[in-house]
Amino acid sequence: MIAQLHHSGFANAAMIASIVIAATVGDVMIASAMRQIGDLDDIKAESGLMGAIKTVVTNTRFFCGVTAMAVSFFALLFALSHADLSLVAPASASLTVVTNTLAGKVFLKENVDKRRWLAALCVCVGVALLAR
Amino acid sequence: MTFRRYLVLAFVSISAPLGDTFLDVGMKRIGPVSLAHITTLFHAVMTPWIASGIVLLIGFFASYLTALSWADLTFVLPATSFGNVIVALLARFWRHEQISVSRWIGIFLITAAVGFVMRGPSYTEHEKPTPHTAEVC
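What you see as residue numbers is a count from 1 along each chain, following the sequence as written. By the order in which they are written, chains take letters starting at A while ligands take numbers starting at 1. Given that the model is predicted, a residue must reach a pLDDT of at least 70 before its local features are reported, and side-chain atom pairs must reach 80 or more before they are shown or counted; all residues, however, enter totals for whole chains, interfaces and linings. To obtain the side-chain values, all non-hydrogen atoms of the structure were used and water was disregarded.

*Asks:* Tell me about the overall build of chain A, and please be specific about residues and values.
*Replies:* Tallying secondary structure elements over chain A gives 6 helices and 0 strands in all. Counting from the N terminus, the helices are the DSSP runs of H or I reaching at least four residues and the strands are the DSSP runs of E reaching at least two. Element order for chain A, N to C, with α for helix and β for strand: α-α-α-α-α-α. C-alpha extents for chain A along the principal axes are approximately 60 × 35 × 25 Å. Each residue is placed in one exposure class: buried if its accessible area under a 1.4 Å probe, protein chains only, is under 20% of its type's maximum, exposed if it is over 50%, and partly exposed if it falls in between. For chain A, the proportion of its 132 residues judged to be buried stands at 44%. Contacts in chain A between residues at least 24 apart in sequence constitute 72% of all its contacts with a sequence separation of at least 6. All accessible-area figures derive from a Shrake-Rupley calculation using a 1.4 Å probe, and residue coverage is judged against the displayed protein chains alone. Summed over its atoms, the accessible surface of chain A is roughly 7,200 Å², and 72% of this surface lies on carbon and sulfur atoms. When charges are tallied, Lys and Arg are placed among the positive residues and Asp and Glu among the negative ones, while His and the ends of the chain are skipped. Charge placement uses NZ in Lys and CZ in Arg. For Asp and Glu, CG and CD serve respectively. Of the charged side chains in chain A, 10 are positive and 8 negative, and the gap between their average positions amounts to 7 Å. Two residues form a contact once any of their heavy atoms are found within 4.5 Å.

Have a look at this one:
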C-alpha cells in the first residue's frame, strides 16, 4: 500500500508541490527583505562590507526566506528518495519559475508585463527541455 | 542599469553552475563517501576543487542578494535560469557530451527569455508612504 502510494501520481504531485511552495516562499521573502533593506551598494558605501552583511543577516524576512529555502532543499531530498530525478528536477524547477512570477506580481507588486510573462513561460519550457 | 549591474547579473548566471561543476569534479576525485567514513567530507572541504566550488556558491548568493536589492525578482529569475544554459554549454564544449535537439531548443528558449526581460525596466518603483499615511498605519 505504502509502495503504491509512493509511486502514485498524487504522492509525486504532493512532493513536487511542497518543493515549489517552499522555494517560492523563500524567494519572495528574500526578495522582499532585499527590497526593504534597499540598495546594498549604497549600504556598503556608507557602512562597509561588514555593515552590509550585518544589515542583511539581522533582517527577519531574510531569515524566514533562508529557512523556507532550507525546507525546499530537504523537501527535494525527500522527493528524490521516492521519485525519479528526471521527474522531480524539471517539474519543480519549471513550476517554481511560474509561481515566482505570480508571487512577484501578487505579493511584491512587481510590474509583471506581457514581456515578463513570456520570459517566465520560455524559461519554464526551456528548463523542462534541458532536463530531459 | 549600469555596466556594473550587468556584471553582477552575469556573475549570478555563471557562478552557480560553475560552483556546482567544481563540487562535482571534486567529489568525483574523492570517490563515494560511506557513513563509516563521514569525516572524509570535512577533509573534502579543504581540497582545491571543493573549496573553489564553495567560494563560487557563496559568491553566487552574495551577488543574487545584491541583484535583488536593485532589481525585481521577476527580472533576476531569468538570469539565474541562464545557469542551466551554461551547464549545457560546458557539457558540450568542455566535457564533449552530445546535446539533443530538444536541449538546443531549451537553450534557445532560456536565452530568448533573458533577452526579453533585459529589454524592459529592472525595478518596479513603489510609492513611499507619506508621513500622514504612515501615522494612520
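*Asks:* Go over the interface of chain A and chain B, please, and point to the residues and values.
*Replies:* Counting from both sides, the interface comprises 34 residues of chain A and, opposite them, 36 residues of chain B. Here the quantity called buried area is the total loss of accessible area, with a 1.4 Å probe, experienced by two parts when brought into contact, counted for both. In total, about 2,900 Å² of surface goes out of reach between chain A and chain B, with carbon and sulfur atoms giving 65% of it. Whenever a carboxyl oxygen of Asp or Glu lies within 4 Å of a side-chain nitrogen of Lys or Arg, that contact is scored as a salt bridge. Between chain A and chain B we count 4 salt bridges in total. Linking B:Asp72 and A:Arg116 is a salt bridge whose minimum nitrogen-to-oxygen distance equals 2.9 Å. Within 3.5 Å is the distance limit for a polar contact, defined as a pair of N or O atoms, with the added protein rule that one can donate a hydrogen and the other accept it, and that residues adjacent in sequence qualify only through two side-chain atoms. Here chain A and chain B share 11 residue pairs in polar contact (both at pLDDT 80 or more) between them. Considering every element that reaches the side of chain A that touches chain B, the biggest residue donor is helix H6 (residues 114–130) of chain A, with 11 residues. Three classes are used, and their members are as follows: Ala, Val, Leu, Ile, Met, Phe, Trp, Tyr, Cys and Pro are nonpolar, Asp, Glu, Lys and Arg are charged, and the others, Gly among them, are polar. Partitioned by chemical class, the residues of the side of chain A that touches chain B number 19 nonpolar, 5 polar and 10 charged.

*Asks:* Pulling in residues and values, what's your account of the packing of aromatic side chains?
*Replies:* Aromatic contacts are taken between Phe, Tyr and Trp rings whose centres are within 6.5 Å, Trp giving its six-membered ring; a plane angle under 30 degrees counts as stacked, one over 60 as edge-to-face, and the others as tilted. Summed over all chains, the structure comprises 4 aromatic pairs over all chains. Summarising the aromatic geometry, the rings of A:Phe62 and B:Phe61 are spaced 6.2 Å apart at their centres and angled 45° between planes, so their arrangement reads as tilted. Here A:Phe62 is found in helix H4 (residues 60–80), whereas its partner B:Phe61 is found in helix H3 (residues 48–70) on a different chain. By relative accessible area, which is 31% here, B:Phe61 ends up partly exposed. On the basis of an interplanar angle of 70° and a centroid distance of 5.6 Å, the ring pair of A:Phe73 and A:Phe74 is categorised as edge-to-face.

*Asks:* If you had to explain the nonpolar core to someone new, which residues and values would you point to?
*Replies:* We call a set of buried residues a nonpolar core when its members are Ala, Val, Leu, Ile, Met, Phe, Trp, Tyr or Cys and they connect through side-chain atoms within 4.5 Å of each other. Counting 45 residues, the largest nonpolar core has A:Met34, A:Leu40, B:Leu68 and B:Leu73 as the members making the most contacts within it. Of all the secondary-structure elements, those providing two or more residues to this core are helix H2 (9–37), helix H3 (40–57), helix H5 (85–106) and H6 of chain A together with helix H1 (3–30), H3, helix H4 (73–93) and helix H5 (101–118) of chain B. In this structure A:Met34 touches A:Leu40, A:Val56, B:Leu65, B:Leu68 and B:Ser69, once residues within four positions along its chain are discounted. Counting residues in each nonpolar core, the second largest holds 6 residues, with A:Met15, A:Ala79, A:Ala83 and A:Val88 among its members.

*Asks:* Go over a nonpolar patch on the surface with me, naming the residues and quoting the values.
*Replies:* Residues and elements named next belong to chain A. Taken together, Phe73, Phe74, Leu77, Leu80 and Leu85 make up a surface patch of nonpolar side chains, about 500 Å² in accessible area. Counting residues per element, the nonpolar patch draws most heavily on H4, which supplies 4 residues. Here Leu80 shows up in helix H4. Patches here: salt-bridge-free residues with over 30% relative accessible area, like charges joined within 9 Å, nonpolar side chains (Val, Leu, Ile, Met, Phe, Trp, Tyr) joined within 5 Å.

*Asks:* Quick one: what's the story with unusual backbone geometry, residue by residue and with numbers?
*Replies:* With glycine set apart, most residues show a phi of negative sign, and most peptide bonds adopt trans. Backbone geometry places A:Lys109, a non-glycine residue, at a positive phi of 55°. Relative to the helices and strands, A:Lys109 resides in the loop between H5 and H6.

*Asks:* Break down the packing of H6(A) against H5(B) for me, with residues and values.
*Replies:* A pair of packed helices can be characterised by two numbers: the angle between their axes and the separation between those axes. For every element, the axis is a line fit to its C-alpha atoms; helices are fit only across the contacting stretch, and the angle between N-to-C directions ranges from 0 to 180 degrees. Relative orientation of the contacting elements H6(A) and H5(B) amounts to 160°, with a least axis distance of 8 Å. Classed by the angle they form, the pair H6(A) and H5(B) counts as roughly antiparallel. Considering how the two elements wind past one another, H6(A) and H5(B) form a crossing that is left-handed. Residue-level inspection shows A:Arg115, A:Leu118, A:Ala119, A:Cys122, A:Val123, A:Val125, A:Gly126, A:Val127, A:Leu129 and A:Leu130 of H6(A) in contact with H5(B), the latter providing B:Ser102, B:Arg103, B:Ile105, B:Gly106, B:Ile107, B:Leu109, B:Ile110, B:Ala113, B:Phe116 and B:Val117. Of the residues that constitute the contact of H6(A) with H5(B), the class distribution is 15 nonpolar, 3 polar and 2 charged. For this classification, under 35 degrees means roughly parallel, over 145 means roughly antiparallel, 65 to 115 means roughly perpendicular, and everything else is oblique. Take the far helix as your reference; a near helix turned counterclockwise from it by less than a right angle gives a left-handed crossing, and one turned clockwise gives a right-handed crossing.

*Asks:* Describe the pattern of salt bridges, listing the residues and the values that go with them.
*Replies:* Applying the stated criterion to the full structure yields 5 salt bridges over all chains. Across the pair A:Arg35 and B:Asp72 runs a salt bridge, and its minimum N-O distance is 2.7 Å. One end of the pair, A:Arg35, is in helix H2; the other, B:Asp72, is in the loop between H3 and H4, on a second chain. B:Asp72 matches A:Arg35 in its accessibility class, with the two residues each being buried. Put simply, A:Arg35, A:Arg116 and B:Asp72 are held in one network by salt bridges that share partners.

*Asks:* Just give me the short version of the side chain of B:Ser13, but keep the residues and values in it.
*Replies:* Residues and elements named next belong to chain B. In this structure, Ser13 sits in helix H1. Engagement of the side chain of Ser13 in a polar contact is seen with the backbone oxygen of Ala79, the distance being 2.8 Å. Every residue in contact with Ser13, bar those within four places of it in the chain, is listed here: Ala79, Phe82, Gly83 and Ile86.

*Asks:* A description of H5(A) should follow, citing residues and the corresponding values.
*Replies:* The span you would expect from a helix comes to 1.5 Å times its residue count less one. For H5(A), built from 22 residues, the straight-helix expectation of 32 Å at 1.5 Å per residue is met to within 8% by its first-to-last C-alpha distance of 31 Å. Along H5(A), the residues classified as buried are A:Val88, A:Pro90, A:Ser92, A:Ser94, A:Thr96, A:Val97, A:Asn100, A:Thr101, A:Ala103 and A:Gly104.

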